[in-house]
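Working through the structure, step by step
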Amino acid sequence: MTDTSVDTRMLVCVHCGATNRVSVGQPLTGGRCGKCKTGLATPQPVDIDEKMLARLQARDTGAYVLDVWAPWCGPCRMMAPAYAEAANRFAGQVRFFKLNSDQNQSASSGLGIRGIPTLIAWKDAKKIAQQPGAQTGDGLINWIKSTFRLSA
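Values in this document were obtained by computation on a predicted structure and should not be read as measured data. (Residues numbered from 1 in each chain as written. Predicted model: local features only at pLDDT ≥ 70, side-chain atom pairs only at ≥ 80, totals over all residues. Heavy atoms only, no water.)

Moving on, we get to the nonpolar core. Soluble globular proteins tend to bury their nonpolar side chains together. Formed by 19 residues in total, the largest nonpolar core has its most connected members in Val65, Phe90, Val94, Phe96, Ile144 and Phe148. Secondary-structure elements contributing two or more residues to this core are α2 (74-89), β6 (118-123) and α4 (137-148). Ile48, Met52, Leu53 and Ile120 belong to the second-largest nonpolar core, a separate cluster that totals 17 residues. (Core = buried A, V, L, I, M, F, W, Y, C linked by side-chain atoms within 4.5 Å. Buried < 20%, exposed > 50% of the residue type's maximum accessible area, 1.4 Å probe, protein only. Helix = DSSP H or I, 4+ residues; strand = E, 2+ residues; numbered from the N terminus.)

Take the environment of Ile128 next. As for its placement among the helices and strands, Ile128 is situated in strand β7 (residues 126-132). Accessibility expressed as a relative area gives 38% for Ile128, which makes it partly exposed. Note: C-alpha distance between Ile128 and Phe148 (20 residues apart in sequence) is 8.7 Å. Excluding its chain neighbours within four sequence positions, the residues that come into contact with Ile128 are Ala121, Trp122, Lys123, Thr147 and Phe148. (Contact = heavy atoms within 4.5 Å.)

Reading across from one edge, β3-β5-β4-β6-β7 is the order of the 5 strands in this open sheet, with mixed pairing throughout. The sheet is open, and its two borders are formed by β3 (46-48) and β7, each paired with just one other strand. Averaged over all pairs of adjacent strands, the angle between their axes in this sheet comes to 25°, without regard to strand direction. The pairing of β3 with strand β5 (residues 95-100) spans 3 bridges and is classified as parallel. Bridging across to β5, Val46 finds its partner in Phe97. (Pairing = 2+ DSSP bridges. Axes fitted to C-alpha atoms, helices over the stretch in contact; angles between N-to-C directions.)

Three or more residues of helix α1 (residues 50-59) are buried, namely Met52, Leu53 and Leu56. An end-on view of α1 places all buried positions within 105° of arc, on one side of the element. Across from the buried face of α1, at angles greater than 90 degrees, the exposed residues are Lys51 and Ala58. Against the buried residues of α1 lie β1 (8-12), β3, β4 (64-69), β5, α3 (105-110) and β6. At the N-terminal boundary of α1, the capping side chain belongs to Asp49, with an oxygen 3.2 Å from the backbone nitrogen of Lys51. (Arc of directions from axis to C-beta. Polar contact = N/O pair within 3.5 Å; in protein donor to acceptor, adjacent residues only side chain to side chain.)

The following block contains the structure:
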């Protein structure tokens, strides 16, 4: 019997909450949820709530970045276009989510957020990096590349 856990990752569909088994070698852009048939890649950042965040933290073994932000935050709004561009650029490898800290205060508190915007990266069901402050342009791209060890 072969252990397939090394060859697959579990991705939570942020649209319906179903957990999907996806081959590690397959780009996210080709993956679809087995339940709702929605694409698993996020070519644009997806807004999530604390319930979905908890589900991601408990079940997802893929790579994703969470932007903790608020609508009144100037640096958050300044970073948003660069974050959307990064989501498009890395859609085949990393998913991008946004958590409104005003609407999800207990989740923000549970993450230990002291200032916004804050980016948090997860991979293999573990938090691997946290970056406070607005990141734009090459700084954001380089942070994502180095955090997830991506070449492109």
